[in-house]
Amino acid sequence: MSGSVGEKTQIIDGKEVAKSVRRALKDRIKGLAAAGVTPGLAAVLVGDDPASQTYVNSKARACEKLKLYSEVIRRPADISQDELLGIVNDLNANDQIHGILVQSPLPKHMDELSVTLAIDPAKDVDGFHPFNVGMMLIGRPGLLPCTPHGIVKLLEHYEIDPSGKQVVVVGRSNIVGKPIAAILVQKAPMANATVTIAHSRTANLAEVCRRADILIAAIGRPDTITEDMVREGAVVIDVGVNRVDDSSTEKGYRLVGDVDFDKVAPKCSAITPVPGGVGPMTIAMLMSNTVEAAARITGK
Ligand code: GUN
């Protein structure tokens, strides 16, 4: 891929960085094993959404590779909210499980917030519980959401220090946009940025984006970030994972980000590709959170 891009553009390799995160985790996992602790992750999947099944399966595979314990709990889309809350409560009380994630989206008859609130914050490896969200906002240790945490690791690996830089985040989701802004604005290493959150109602979006030294695209729509929106020399982090129809592929679709990569990449000092950029980091950070949660819960 780097062949099609200007010589000066660094392609940020999420697969490599994810590998180095996993390598570092292996030592911690060995240490925990020596103390009799195997970190355990439970994923709860309600319904049969194909993308969710793929995500949950890759999470379970990632656990296996690192010799973590994992359970996938599958239930049909018509289970009741109470049944789901019962499953979460059982996992909260299960000593083999240190991380719990309930795959979203949940069926429409369920209240996602009540389910998130039911998860023990110490086991909330998605970092979605309002306790962990609050700790993140005040810059205290908790469990950080995986995708934003993965973005910080990518920047760290490539020695792109956000301190003093203009960061523009496009997208205000609770999973990516808001938390990455909250993390990068902290008075802390690999943070200290001047952060702008832009979104669908932002006036003069292109102009706002052009201010960015680091532009983070988390919109969920292909080709939203075009060449005219990116300053020469900017770092672009593309969080988008969009399926677009492509009959030339075996699956009938291919994955693209939110950034028009071919046009934007030559202008950048560094950019993440899709796939192979932010994506692999999300699961690596989920593993990291599971190990972290196990260490904190057991005091090992
Ligand atoms: N659905 C899409 N991404 C995620 C994620 O990171 N965690 C959970 N629980 N559900 C998701």
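To be clear, the structure that these remarks concern was listed above.
First, a word on scope: everything that follows refers to the structure included in this document. (Residues numbered from 1 in each chain as written. Predicted model: local features only at pLDDT ≥ 70, side-chain atom pairs only at ≥ 80, totals over all residues. Heavy atoms only, no water.)

Some words on the site of the ligand
Every residue near the ligand is listed here: L101, V102, Q103, S104, D126 and F128. In the model, a nitrogen atom of the ligand is placed 3.0 Å from a nitrogen or oxygen of the Q103 side chain. Protein contacts shield 82% of the accessible area of the ligand, which totals 280 Å² for the unbound molecule. Considering only residue class, the shell around the ligand consists of three nonpolar, two polar and one charged. (Near = heavy atom within 4 Å. Polar contact = N/O pair within 3.5 Å; in protein donor to acceptor, adjacent residues only side chain to side chain. Areas by Shrake-Rupley, 256 points an atom, 1.4 Å probe, with all protein chains shown as cover. Nonpolar A, V, L, I, M, F, W, Y, C, P; charged D, E, K, R; others polar.)

Points about the side chain of Q81
In this structure, Q81 sits in helix α3 (residues 81-93). Excluding residues that lie within four positions of it along the chain, Q81 makes contacts with H109, M110, D111, S114 and V115. (Helix = DSSP H or I, 4+ residues; strand = E, 2+ residues; numbered from the N terminus. Contact = heavy atoms within 4.5 Å.)

Concerning the pattern of salt bridges
Across all of its chains, the model carries seven salt bridges by this definition. With its nearest N and O atoms 3.4 Å apart, the salt bridge here joins K19 to E16. Of the two residues, K19 and E16 both sit in helix α1 (residues 14-34), three residues apart, roughly one turn of that helix. Judged by its relative accessible area of 39%, K19 is partly exposed. With a relative accessible area of 37%, E16 lands in the partly exposed category. Overlapping salt bridges bring together R28, E292 and R296 as one network. (Salt bridge = Lys/Arg side-chain N within 4 Å of Asp/Glu carboxyl O. Buried < 20%, exposed > 50% of the residue type's maximum accessible area, 1.4 Å probe, protein only.)

Description of the pairing of strand β7 (residues 214-217)
The alternating pattern of β7 places I214 and I216 and L215 and A217 on opposite faces, both of which are buried. Inspection of the sheet shows strand β5 (residues 166-170) paired to β7 by four bridges, in the parallel sense. Bridge pairing in β7 places V168 opposite L215. In this structure, β7 lies alongside strand β8 (residues 235-238), joined through four bridges in parallel fashion. Bridging from a neighbouring strand, I216 pairs with I237 of β8. (Pairing = 2+ DSSP bridges.)

Quick word on the packing of helix α6 (residues 146-157) against helix α7 (residues 177-184)
If you want to describe how two helices pack, look at the angle between their axes and the distance between the axes. For the pair α6 and α7, the least separation of the axes is 8 Å and the interaxial angle reads 45 degrees. With respect to α7, the axis of α6 lies oblique. Our pair here, α6 against α7, has a crossing hand that is right-handed. The segment α6 lies against α7, with P148, I151 and V152 engaging P179, I180, I183 and L184. For the contact of α6 with α7, the residue count by class is seven nonpolar, no polar and no charged. (Axes fitted to C-alpha atoms, helices over the stretch in contact; angles between N-to-C directions. Parallel < 35°, antiparallel > 145°, perpendicular 65-115°, else oblique. Left-handed = near helix turned anticlockwise from the far one by under 90°.)

Things to note about the sheet that holds strand β1 (residues 10-11)
Read from one edge to the other, the open sheet built from six strands follows the order β1-β11-β8-β7-β5-β6, with strand pairing classed as parallel. Two strands lie at the open edges of the sheet, namely β1 and β6 (194-198), each paired on one side alone. With five bridges joining them, β5 and β6 adopt parallel strand pairing. Bridge assignment links V168 to a residue of β6, and that residue is T196.

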